[in-house]
Amino acid sequence: MRQPRSSRIRHELSLLREWARFLIRGHGKAWFIFTHVAPFERLLLYRLGLRQTRGAVFAEIGSYLGASACFLAAAAAEIGGGARVHCVDTWRNDGMSEGMRDTWIEFQRNTRRYASLIIPHRGESVHIAKAFTEKLDLLFLDGDHSYAGCRSDVENWLPHLKPGGLMILHDIAWAEGVERVVREKLNPLARKQGQLRNIYWAWV
Ligand SMILES: C[S@@+](CC[C@H](N)C(=O)[O-])C[C@H]1O[C@@H](n2cnc3c(N)ncnc32)[C@H](O)[C@@H]1O
């Protein structure tokens, strides 16, 4: 699902609106959190979060140091009505090229401003999914990027998404496993879908 260059550039330029809004609303510090999620991708998460209704429930699988979590939490803060973000991670740096390390303290420090909106779940994503009881409006997958891991995340988390809910996956452009899961599992289900460089989203 490659986007033509001209439409990709138009899409990215349109995200400058969210960039300005993000700064004006006082979320600017979140830009300084280290992450592999590109700036336009973070702004897209913010935009997709803002399009949810009051009280919406988000979940993010793979939170690392908290960068994308802050962009989703910023949207949750603005839509209000008890909107919140469930963050799921082992906070052991599983599968990261820099090697295993404990990232929990850094995540907590970086997300402190949104602590009242973020519910962290520390553990293996599949175990957390099995015990999870809320219905989700938005689900962002950025955890295990292998084919088996990503497929298992989709299979275990998708049932928690409300009908018509929004599913977002990161790293579709470089992680073959993620691309294959999108092709096999999500393309057939998607009512509407989009992609911007390395990030894919679909209403399912
Ligand atoms: C690419 S990073 C996430 C990046 C993050 N979204 C950001 O904003 O920078 C992937 C994260 O997924 C976590 N992870 C990988 N496999 C996991 C699993 N099976 N269960 C829970 N967390 C996992 C890693 O510990 C790591 O923090």
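Parameters and conventions
- All residue numbers here refer to positions counted from 1 along the written sequence of the relevant chain.
- In keeping with the model being predicted, local features are shown solely for residues with a pLDDT of at least 70 and side-chain atom pairs are shown and tallied solely at 80 or more, while totals for entire chains, interfaces and linings include all residues.
- Helical segments are the DSSP runs of H or I of at least four residues, strand segments are the runs of E of at least two, and each set is numbered from the N terminus.
- In this setup the radius of gyration rests on C-alpha atoms only. A globule is expected at 2.2 Å times the number of residues raised to 0.38.
- Note on burial: count the other C-beta atoms lying within 10 Å of the residue's C-beta; 20 or more is buried, 12 or fewer is exposed, in between is partly exposed, and C-beta positions come from the backbone.
- We call a set of buried Ala, Val, Leu, Ile, Met, Phe, Trp, Tyr and Cys residues a nonpolar core when their C-beta atoms link them within 7 Å.
- Whether two residues are in contact is decided by their C-beta atoms, placed from the backbone, lying within 7 Å.
- Between any two strands, pairing holds if DSSP finds at least two bridges.
- Axes, fitted as lines to C-alpha atoms, cover a helix only where it is in contact. Angles between the N-to-C directions of the axes lie from 0 to 180 degrees.
- As a rule, any residue with its backbone-derived C-beta atom within 6 Å of a molecule or strand is reported as near that molecule or strand.
- Orientation labels follow simple angle bins: below 35 degrees gives roughly parallel, above 145 gives roughly antiparallel, 65 to 115 gives roughly perpendicular, and whatever is left gives oblique.
- Rotating anticlockwise by less than a right angle from the far helix to the near helix defines a left-handed crossing, while the corresponding clockwise rotation defines a right-handed one.
- Under the grouping applied here, Gly and all other residues not named as nonpolar or charged are polar, the nonpolar ones being Ala, Val, Leu, Ile, Met, Phe, Trp, Tyr, Cys and Pro and the charged ones Asp, Glu, Lys and Arg.

(A) Inspection of the overall build of the chain at higher detail. Each helix and strand in the chain was counted, giving eight helices and seven strands. Compactness check: the chain gives a C-alpha radius of gyration of 16 Å against a globular reference of 17 Å for 204 residues, within 12% of the reference. Each principal axis of the C-alpha atoms in the chain carries an extent, and together these give about 40 × 40 × 35 Å. Burial status across the chain gives 41% buried among its 204 residues.

(B) Representation of the nonpolar core. Leu72 and Ala73 are the most contacted members of the largest nonpolar core, which has 54 residues in total. The biggest single contributor to this core is helix 4 (residues 67-79), with ten residues. Aside from chain neighbours lying at most four places away, what touches Ala73 is Val85, Thr111, Tyr114, Leu117 and Ile118.

(C) Layout of the sheet that holds strand 6 (residues 192-196). Taken together, the seven strands give an open sheet; going across it, the order is 3-2-1-4-5-7-6, and neighbouring strands pair in mixed fashion. Each having just a single partner strand, strand 3 (118-122) and strand 6 make up the two edges of the open sheet. Mean inter-strand twist for the sheet, computed between neighbouring axes without regard to direction, equals 15°. Pairing of strand 6 with strand 7 (residues 199-203), which is carried by five bridges, proceeds in the antiparallel orientation. Paired with Gln195 across the strands is Tyr200, a residue of strand 7. The strands that helix 7 (residues 147-157) touches are strand 1 (57-61) and strand 4 (136-141); relative to strand 4, the one it contacts most, it runs at about 170°.

(D) Representation of the site of the ligand. What surrounds the ligand is a group of 23 residues, the closest being Thr35, Gly62, Tyr64, Ser68 and Ser125. For the shell around the ligand, the elements supplying multiple residues, two or more each, are helix 4 and strand 2 (84-89).

(E) Spatial organisation of the packing of helix 3 (residues 39-50) against helix 4. The geometry of helix 3 relative to helix 4 is characterised by a closest axis approach of 8 Å and an angle of 25° between their N-to-C directions. Here helix 3 lies roughly parallel to helix 4, going by the angle between them. The crossing of helix 3 and helix 4 is right-handed. Contact residues: helix 3 offers Arg42, Leu45, Tyr46, Gly49 and Leu50, while helix 4 offers Ala67, Ser68, Phe71, Leu72, Ala74, Ala75, Ala76, Glu78 and Ile79. In the contact of helix 3 with helix 4, the residues fall into ten nonpolar, two polar and two charged.

(F) Just the environment of Leu161, in detail. With respect to the helices and strands, the residue Leu161 is situated in strand 5 (residues 161-170). A C-alpha to C-alpha distance of 10.0 Å links Leu161 and Trp203, two positions 42 residues apart in sequence. Once you skip the residues sitting within four places of it in the chain, Leu161 turns out to touch Leu136, Leu139, Met167 and Val204.

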